[in-house]
Amino acid sequence: MHNMDIEADVPAQGEPKLEMPATLEGQAPQAAVELLALPAPTPMGIIYGNVGTNSFNVWVTGPLEKMDYIQVEHDSSGWVLGQIMDMERRTDLSIERAKRILNGEELSIEEKVTASVSVVGYRDDRGLLQSPRTPFRAGQPVFKATDELIKEIIGLKEHTPTGAYIGLLAGHDIRVEVDINSMVQKHVSILAKTGGGKSFMCGDLIEELMKHDVTIMVIDPHGEYGSMRESGRQPQGGRDFGVEPRGYADKIIEFATDTSANPLASPLKFTLSNIEPRDLLALTSIKNGKVYLTPLRKAVDMIKSVKRDYSLRDIIRVLEAEEEGSNAALINELEYLDEIKIFAESGTMMDELVVRGKMSIINLKGTPPDIAELVVERIGTALFELRKLNRIPPMMLVVEEAHNYCPQVGTVASSKIFRTIAAEGRKFGLGLTIISQRAAKIDKSVLSQCNTQMILKVTNPNDLKAITASVEGLTSGMADEIQRLPIGVALVVGGNVQMPLFVEVRPRESRHGGESVQIVSDEPWEGPEADAEEVDAELEEEEL
C-alpha cells in the first residue's frame, strides 16, 4: 500500500451540494441498487485533487477517524476497500488573526478536514486480492466500509476450526482469528515495550492452542504462566468480546529447577552423563577453563569405566582423590553446581516433559542465568531431535524474554539451537513463539523467520527499526502508529492475516500472572497468612 500527501484547496464554507458523480449516472440500474443497499448509504466524503490507483485524497464530510476502513466504487473493479492513513484539519486562521482572537475579537474560521487514503484492494473473480489498474475518478463518493466487505477483501474468517481467536478488529465487531497451522509452521513473535501487554497476549494465544489440544512447552523465566490454572476476572464494562472466565488446570503440567520457590512444580533434572565435560565447564565462573578441561575429562572417563550413570558428587570425589592441589578451584565450582541440584544420575524423562495436548511449563524462577541458558539449550535440542524422529507430537515452543536466549550481540549456550529451530523447525512441526520487549536485541536470523507477528506499543527507536525491517506490508503511517498504540491494541500480520491489522486484544479467560506489582496501593500490604508484626519479626531474622 502507498500513501499520497494531502494537497488540495476545497472551500470549507459555501461548498457545492454533494451530488452523485456523473460517472455513476449512466450506469446500469443494478449498480444504483447495490449503492442504495449499503447499510450506511450516507457518503463520508468525496475524492478530490490528483487521484492515483494506490492512493487518493478525500474531503471528509462525515464522522471518520485515522485507520478507519472506507469503500469506494471503481469503474471497472467494483467496490474497493481503502484505509485512512492520515487526517488533517485545514483552516484559514493565520497568526495575525489568532492574535486578534487572543485580544477578544470574534472571528469566523473557515476549516475543512481532509484525509489521505491508501488503497487495500478488491477481490477478483478468482478470489485474489488485486489493486485497480486505472485511477479512481475525482468527485466519487466515499463510504464507511461495511463489515462484510472488510471481511471479504481482507480475508477474515470467523469461527474456523483451526482459528485462534485473539480479539476484534479495531473499530469493528469482526473476530480476528490467526490460523494455528500457519503459526506452528512459520513461527510467531510477540513484541512490546515493558508493560505493553505481550505476556497477556501470549496468554490469549496459549488459551486458544490449549482449546485446540495443541501440545505446548513454555520457557517461563518469571513463573507467570502457572496462574493459567485459575479462572480470570470478568472484565467490567467495555466491549463484549464473548469471552467467559475459565481455568486450564487440567491442561497444565509444570516443572522447575528450584521447587522450593515453585512448590506446585515437579523437579526438573538432567542426566549428568549426557552433559559433555566442556559444557559442564562452561557453567562455571572459571575464566581460563582450558586448564581444567583435561582433569575434568579424565575424571569423567574414569567414572564411566566403572558405571554408566553418575552424579556431580562422584566427579568431585575423583578430583579430590588426586594428590595435586591444582583442582581446588574446579572442585569449588562443581560444589556450587551440586547445590543447585539440577543434575542427577537419572534425569526427567521426555515422556513426562512432553504430553500430547497439554502445556508443559519450564519454570525458571530463581534459576541462575547461566544454568537457565543450559536448561533452555538442552530442552530445545531434545525437542528438535525428537521431532525429527517423530517421537513427540507436533508442538509449539514458547520462549519468554527471548533476547536472553538468542541475543543479536554475543552468543549464549542456547543461541545455536534457536537459530536451527527458526530455520528448520517448520519442516518437522516444531513451532517457535518468541516474546520480548527488545526487538533490536533478538538475533535477526531468528526474528526474520517469524512469519506471524503481533506487535503492541513500542517506543524505542532501535526496536522500531528492527520491527519495520522484519514486518512485510508495514506502511510508514502504521510504523508511526505503533508508538501511539493504546494498551490492549496490537498490530497483527502474517499467516492467514495477509495485511497488517489493528486488533483489540480479547480479555483473558484464565488469570494473568504477569501483572505489575503496585508500590502504592489503596489497601495496606500484608504478608501471606501473617499480620504486620509477624512479618516485621521475620524480617529482623533475615540477613544480607
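Every value quoted in this text rests on a predicted model; they were computed, and no experiment measured them.

Conventions we followed
- Each chain has its residues counted from 1, running along the sequence as written.
- Side-chain atom pairs in this predicted model are given and counted only at pLDDT of 80 or more, local residue features only at pLDDT of at least 70, and totals for whole chains, interfaces and linings cover all residues.
- Calculated side-chain values reflect all of the structure's heavy atoms, with hydrogen atoms and water omitted.
- Runs of E in the DSSP output that reach at least two residues are strands. Runs of H or I that reach at least four are helices, and both are numbered from the N terminus.
- Throughout this description, buried means an accessible area under 20% of the type-specific maximum (1.4 Å probe, protein chains only), exposed means over 50%, and partly exposed covers the range between.
- Throughout, a contact is declared for two residues whenever any of their heavy atoms are within 4.5 Å.
- Where accessible areas are quoted, they stem from the Shrake-Rupley method and a 1.4 Å probe; at the residue level, only the protein chains shown are allowed to cover.
- For two strands to be treated as a pair, DSSP must find at least two bridges joining them.
- Patch membership needs two things, relative accessible area over 30% and no salt bridge, and members are linked within 9 Å if like-charged or within 5 Å if nonpolar (Val, Leu, Ile, Met, Phe, Trp, Tyr).
- Salt bridges are defined as contacts in which a side-chain nitrogen from Lys or Arg sits within 4 Å of a carboxyl oxygen from Asp or Glu.
- A pair of aromatic rings is counted whenever rings of Phe, Tyr or Trp (Trp by its six-membered ring) have centres within 6.5 Å, and the orientation is called stacked for planes under 30 degrees apart, edge-to-face for over 60 and tilted otherwise.
- A ring is scored as having a charge over it whenever the NZ atom of a lysine or the CZ atom of an arginine sits within 6 Å of its centre and within 35 degrees of its normal.

1. Here we look at the overall build of the protein
Here is step 1 of the chain: Looking only at helices and strands, the protein features 17 helices and 21 strands.
Here is step 2 of the chain: Evaluated residue by residue, the protein yields a buried proportion of 49% over its 544 residues.
Here is step 3 of the chain: Within the protein, counting contacts between residues at least 6 apart in sequence, those at least 24 apart form 71% of the total.
Here is step 4 of the chain: Entry remark: accessible area of the protein is about 27700 Å², with carbon and sulfur atoms responsible for 48%.

2. Some words on unusual backbone geometry
Here is step 1 of the chain: At D213, a residue that is not glycine, the phi angle is positive and equals roughly 60°.
Here is step 2 of the chain: For D213, the position within the fold is in the loop between helix 6 (198-211) and strand 11 (215-220).
Here is step 3 of the chain: Of note, K341 is a non-glycine position whose phi angle comes to about 60°, a positive value.

3. Quick notes on the pairing of strand 1 (residues 45-48)
Here is step 1 of the chain: Judged by which residues are buried, strand 1 turns out to be covered on both faces: G45 and I47 on one side and I46 and Y48 on the other are all buried.
Here is step 2 of the chain: Where strand 1 and strand 7 (residues 141-144) come together, two bridges link them in antiparallel fashion. Bridge pairing in strand 7 places G45 opposite V142.
Here is step 3 of the chain: When strand 1 meets strand 2 (residues 55-60), the two strands line up antiparallel, connected through four bridges.

4. Here's the deal with the sheet that holds strand 9 (residues 175-179)
Here is step 1 of the chain: Spatially, 9-8-21-20-19-10-18-17-11-16-12-13 is the arrangement adopted by the 12 strands of the open sheet, whose pairing is mixed. Lying at the two open borders of the sheet, with one neighbouring strand each, are strand 9 and strand 13 (266-267).
Here is step 2 of the chain: As defined by bridge partners, strand 8 (residues 163-169) adjoins strand 9 across five bridges and the pair is classed as antiparallel. When the bridges of strand 9 are listed, G167 appears paired with V176.

5. Here we look at the side chain of D204
Here is step 1 of the chain: On the secondary structure map, D204 appears in helix 6.
Here is step 2 of the chain: By relative accessible area, D204 is classed as buried at 0%.

6. Some remarks on the environment of I84
Here is step 1 of the chain: Examined against the element boundaries, I84 turns out to sit in strand 4 (residues 78-91).
Here is step 2 of the chain: The exposure class of I84 is buried, given its relative accessible area of 1%.
Here is step 3 of the chain: Spatially, the C-alpha atoms of I84 and V119 are 8.9 Å apart, while their sequence positions differ by 35 residues.
Here is step 4 of the chain: For I84, the contacting residues outside a window of four places in its chain are L64, E65, K66, M67, D68, I70, A115, S116 and V117.

7. A word on the environment of L280
Here is step 1 of the chain: Among the secondary structure elements, L280 is positioned in helix 7 (residues 277-282).
Here is step 2 of the chain: L280 sits in the buried class, given a relative accessible area of 3%.
Here is step 3 of the chain: With 13 residues separating them in the primary sequence, L280 and L293 have C-alpha atoms 9.5 Å apart.
Here is step 4 of the chain: With residues up to four places along the chain from it excluded, the contact list for L280 reads L272, I275, L296, L312, I315, L334, L337 and F343.

8. Some thoughts on the environment of C406
Here is step 1 of the chain: Examined against the element boundaries, C406 turns out to sit in the loop between strand 17 (395-399) and helix 13 (415-428).
Here is step 2 of the chain: Counting along the chain gives 36 residues from C406 to I442, while the straight-line C-alpha distance between them is 6.0 Å.
Here is step 3 of the chain: Discounting residues that sit within four places of it in the chain, C406 has contacts with S415, F418, K441, I442, D443 and V446.

9. Quick word on a nonpolar patch on the surface
Here is step 1 of the chain: A contiguous nonpolar patch, built from L93, I101 and I109 and spanning about 200 Å² of accessible area, is present on the exposed surface.
Here is step 2 of the chain: The residue I109 is located in the loop between helix 3 (95-102) and strand 5 (111-123) in this model.

10. A closer look at the packing of aromatic side chains
Here is step 1 of the chain: Counted by the stated rule, this structure contains three aromatic pairs.
Here is step 2 of the chain: Consider the rings of W79 and F143, whose centres lie 5.9 Å apart with planes at 80°: the pair is edge-to-face. In this pair, W79 sits in strand 4 while F143 sits in strand 7, placing the two residues 64 residues apart along the sequence.
Here is step 3 of the chain: By relative accessible area, W79 is classed as buried at 15%.
Here is step 4 of the chain: According to the relative accessible area criterion, F143 is buried, its value standing at 3%.
Here is step 5 of the chain: A ring pair is formed by F384 and F428, whose centres lie 5.7 Å apart and whose planes are at 85°; its orientation type is edge-to-face. Highlighted residues: F384 in helix 12 (residues 369-388) and F428 in helix 13, separated in sequence by 44 residues.
Here is step 6 of the chain: Positioned above the aromatic ring of F241 is the side chain of R239, whose terminal nitrogen or guanidinium carbon lies 5.9 Å from the ring centre.

11. Thoughts on the pattern of salt bridges
Here is step 1 of the chain: Scanning the model with the defined rule gives 31 salt bridges in all.
Here is step 2 of the chain: Across the pair K66 and E481 runs a salt bridge whose closest N-O atoms are separated by 3.2 Å. Of this pair, K66 sits in the loop between strand 2 and strand 3 (69-74) while E481 is found in helix 16 (residues 476-482), placing the two residues 415 residues apart along the sequence.
Here is step 3 of the chain: What makes E481 buried here is its relative accessible area of 17%.
Here is step 4 of the chain: In this structure, K144 engages D68 in a salt bridge whose closest nitrogen and oxygen atoms are separated by 3.8 Å. Linking K144 in strand 7 with D68 in the loop between strand 2 and strand 3, this pair joins segments that are 76 residues apart in sequence.
Here is step 5 of the chain: By relative accessible area, which is 14% here, D68 ends up buried.
Here is step 6 of the chain: Connected through shared salt-bridge partners, D204, E207, E208, K211, R506, R508 and E509 make up one network.

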